[in-house]
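# A closer look at the structure
One letter stands for each residue in the lines below.
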Amino acid sequence: MKKIFIASVLALGLIQVGTTAQAYQDNEEESAAAGQLGDPGKVSRTIEIIMVDNRFKPDEIEVKQGETVKFVLRNTGKKKHEMMIGSMAQLDKHAKMLKQYPDMEHSDSSMVSVDPGKSGELVWQFAEAGTVNFACPLPGHYKGMHGRIIIEAK
Ligand SMILES: [Cu+2]
């Protein structure tokens, strides 16, 4: 039984590596810099995103290079959700870790965790033009809970 379990964990690992490689091919020009935590005093725009079980609405957002955006996340679902901003590689890595260790305490400046019926905020400054991804990295959510932020050049 133990052997079967280990084999399936390895198989999942391989699938995720495959997905990452595919994402790289799709986004060859994707910037490595997803941006950074923004200064709440410099917010130029507030964008509301609704979290449902298990999707983001909207799941495609356009911003301008250098802009500081305040994301207000409203969780209207029945489960806890998270929004994490990063490259596909960063998101894949984080989701994979959570799949292996679901009870792992995790927090990062690039993410916000929102309980059902609650709201959360994430202020983010976008650096380079290109595409940045966001996702809910929680196990069972990650596959469908994805979005894209398109950063328009100045
Ligand atoms: Cu979620």
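Every value quoted in this text rests on a predicted model; they were computed, and no experiment measured them.

## Quick look at the overall build of the chain
- Check the secondary structure of the chain and you find 2 helices and 10 strands.
- Across the 154 residues in the chain, those meeting the buried criterion constitute 28%.
- For the chain, contacts bridging at least 24 residues in sequence account for 79% of all contacts bridging at least 6.

## Observations regarding the pairing of strand 2 (residues 45–52)
- Bridge count for strand 2 against strand 5 (residues 68–75) is 7 bridges, and the pairing is parallel. In the strand pairing of strand 5, Thr46 is matched with Lys70.
- With 3 bridges joining them, strand 2 and strand 3 (residues 55–57) adopt antiparallel strand pairing. In the sheet register, Met51 faces strand 3, and the bridge partner there is Phe56.
- In this antiparallel pair of consecutive strands, strand 2 and strand 3, the connection spans 2 residues.

## Points about the sheet that holds strand 3
- Overall, mixed pairing links the 5 strands, which are arranged 1-8-5-2-3 in an open sheet. Two strands lie at the open edges of the sheet, namely strand 1 (36–37) and strand 3, each paired on one side alone.
- Sheet analysis places strand 5 next to strand 8 (residues 119–125), joined by 7 bridges and oriented antiparallel. Following the sheet pairing, Val69 is matched in strand 8 by Trp124.

## Looking at the sheet that holds strand 9 (residues 130–135)
- Spatial strand order, 4-10-9-6-7: 5 strands in an open sheet with mixed pairing. In the strand order of this sheet, the two ends are held by strand 4 (60–64) and strand 7 (111–114), each with one partner. Taken over all neighbouring pairs, the strand axes of this sheet differ in orientation by 20° on average, direction set aside.
- Two strands pair when backbone bridges link them, and strand 6 (residues 81–86) and strand 9 are joined in this way by 3 bridges, in the antiparallel orientation. What sits directly across from Ile85, in strand 9, is Phe134.

## Here we look at unusual backbone geometry
- Put simply, Asp53 and Asn54 share a cis peptide bond, and its omega is -10°.
- With respect to the helices, strands and loops of the structure, Asn54 is situated in the loop between strand 2 and strand 3.
- At the junction of Lys57 and Pro58, the peptide bond is cis and its omega measures out at 0° in the coordinates.
- Along the chain, Pro58 falls in the loop between strand 3 and strand 4.

Definitions and cut-offs
- Residues numbered from 1 in each chain as written.
- Predicted model: local features only at pLDDT ≥ 70, side-chain atom pairs only at ≥ 80, totals over all residues.
- Helix = DSSP H or I, 4+ residues; strand = E, 2+ residues; numbered from the N terminus.
- Buried ≥ 20, exposed ≤ 12 C-beta atoms within 10 Å, placed from the backbone.
- Contact = placed C-beta atoms within 7 Å.
- Pairing = 2+ DSSP bridges.
- Axes fitted to C-alpha atoms, helices over the stretch in contact; angles between N-to-C directions.

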